[in-house]
Amino acid sequence: NAGVTQTPKFRILKIGQSMTLQCTQDMNHNYMYWYRQDPGMGLKLIYYSVGAGITDKGEVPNGYNVSRSTTEDFPLRLELAAPSQTSVYFCASSSLSWKSEKLFFGSGTQLSVL
Amino acid sequence: GQQLNQSPQSMFIQEGEDVSMNCTSSSIFNTWLWYKQDPGEGPVLLIALYKAGELTSNGRLTAQFGITRKDSFLNISASIPSDVGIYFCAGQGSGGSNYKLTFGKGTLLTVNP
């Protein structure tokens with residue numbers, strides 16, 4: 001059971017570079033989420049999706065873009081990396097049920113922008 | 001937006017001791033969740049609470065959904081070294097966006113063997 005898989009595990013970017021953080025889940029979950037975690041700050045929601053073709057902004061969407069062309073995949077795109085985007089990024093998914101708050105998280109991507 | 005205050009921020013305890021941590025909210029939640037994050041990993045769900053006053057256990061962990069629906073508590077009894085990690089509370093509110101969670105800032109637990 002793979003669950004939620006994120007790649008890469010670590011990445012260092014230069015200011016202004018772009019990259020895509022990959023996320024895929026094999027649980028047939030409708031809902032997917034991207035969070036960022038900064039030290040001592042908990043988890044902040046960047047973007048989320050309630051199904052293929054549908055995405056919406058979370059608390060901190062600026063500087064990011066997402067797409068959801070399939071149920072399984074939910075990539076996060078950084079177009080012009082900035083030092084403020086140095087963080088640990090977590091992808092998560094949940095099923096469409098009344099207890100859909102049971103999020104399953106990937107193991108994270110640690111990103112440094114220098 | 002909704003905010004959660006989680007305390008304490010960090011705890012350093014001896015193996016065998018009991019631990020308590022809590023979260024309070026400025027608004028009512030319908031669901032309270034407690035997650036644990038091991039170093040280098042994503043959070044994993046420990047306990048989910050769905051009713052005010054509910055008390056739920058998972059092994060040495062016990063969590064309660066506060067009667068006011070604005071707070072929740074997590075207790076760990078007889079701590080062991082593998083309890084080390086960051087513990088997060090999360091709340092799910094009411095309304096149209098009820099699938100989105102609000103997370104506390106976490107409690108960093110260190111257990112000295």
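No experiment lies behind these values; they were computed from the predicted model shown.

Undergrad: I'm lost on the interface of chain A and chain B in this one. Help?
TA: Accessible area lost upon the coming together of the parts serves often as the stated size of an interface. Each side of the interface is counted separately: chain A has 22 residues, and chain B has 19 residues. Roughly 1700 Å² of surface becomes buried between chain A and chain B when both sides are summed, with 60% attributable to carbon and sulfur atoms. The tally of links between chain A and chain B comes to zero salt bridges. Summed over the shared surface of chain A and chain B, the number is three residue pairs in polar contact (both at pLDDT 80 or more). Class assignment for the residues of the side of chain A that touches chain B results in 12 nonpolar, six polar and four charged.

Undergrad: Can you help me understand unusual backbone geometry in this one?
TA: Glycine aside, residues mostly have negative phi, and peptide bonds are mostly found in the trans state. In this structure, the amide linkage connecting T7 of chain A to the following residue, P8 of chain A, adopts the cis form with an omega of -5 degrees. Here P8 of chain A shows up in the loop between β1 (4-7) and β2 (10-13). A cis amide bond links S7 of chain B with the next residue in sequence, P8 of chain B, at an omega value of -5 degrees. Its location among the elements puts P8 of chain B in the loop between β1 (4-7) and β2 (10-14). Non-glycine residue N28 of chain A carries a positive phi angle of around 60 degrees. With respect to the helices and strands, the residue N28 of chain A is situated in the loop between β3 (19-25) and β4 (31-37). In this structure, A78 of chain B is a non-glycine residue whose phi angle is positive, near 45 degrees.

Undergrad: Teacher, can you tell me more about the state of the cysteines here?
TA: Here is the idea: a disulfide is a covalent bond, and it sits between the sulfur atoms of two cysteines. Residue and element names in this part refer to chain A. The tally for this structure, following the rule as stated, stands at two disulfides over all chains. At a sulfur-sulfur separation of 1.9 Å, the disulfide partner of C23 is C91. Given an S-S torsion of about -70 degrees, the disulfide between C23 and C91 has left-handed geometry. In this pair, C23 is assigned in strand β3 and C91 in strand β9 (residues 87-94), connecting sequence segments 68 residues apart. For the pair C23 and C91, one class covers both residues: buried.

Undergrad: Could you clarify how one ought to interpret the pairing of strand β4 (residues 31-37) of chain B in this entry?
TA: For a regular strand, the rule is simple: side chains alternate between the two faces of the sheet. Residue and element names in this part refer to chain B. Of all seven residues that make up β4, seven are buried, and the element is covered over most of its length. Both faces of β4 are covered, namely the face carrying T31, L33, Y35 and Q37 and the face carrying W32, W34 and K36. Here seven bridges tie β4 to strand β9 (residues 85-92), and the two strands are oriented antiparallel to one another. When the sheet's bridge partners are listed, Q37 is paired in β9 with I86. The hairpin formed by β4 and strand β5 (residues 44-49) contains six residues between the paired strands, and G40 there has a positive phi angle of roughly 75 degrees.

Calculation notes
- Residues numbered from 1 in each chain as written.
- Chains lettered and ligands numbered in written order.
- Predicted model: local features only at pLDDT ≥ 70, side-chain atom pairs only at ≥ 80, totals over all residues.
- Heavy atoms only, no water.
- Contact = heavy atoms within 4.5 Å.
- Buried area = accessible area lost by both parts, 1.4 Å probe.
- Salt bridge = Lys/Arg side-chain N within 4 Å of Asp/Glu carboxyl O.
- Polar contact = N/O pair within 3.5 Å; in protein donor to acceptor, adjacent residues only side chain to side chain.
- Nonpolar A, V, L, I, M, F, W, Y, C, P; charged D, E, K, R; others polar.
- Helix = DSSP H or I, 4+ residues; strand = E, 2+ residues; numbered from the N terminus.
- Disulfide = S-S within 2.5 Å.
- Buried < 20%, exposed > 50% of the residue type's maximum accessible area, 1.4 Å probe, protein only.
- Pairing = 2+ DSSP bridges.

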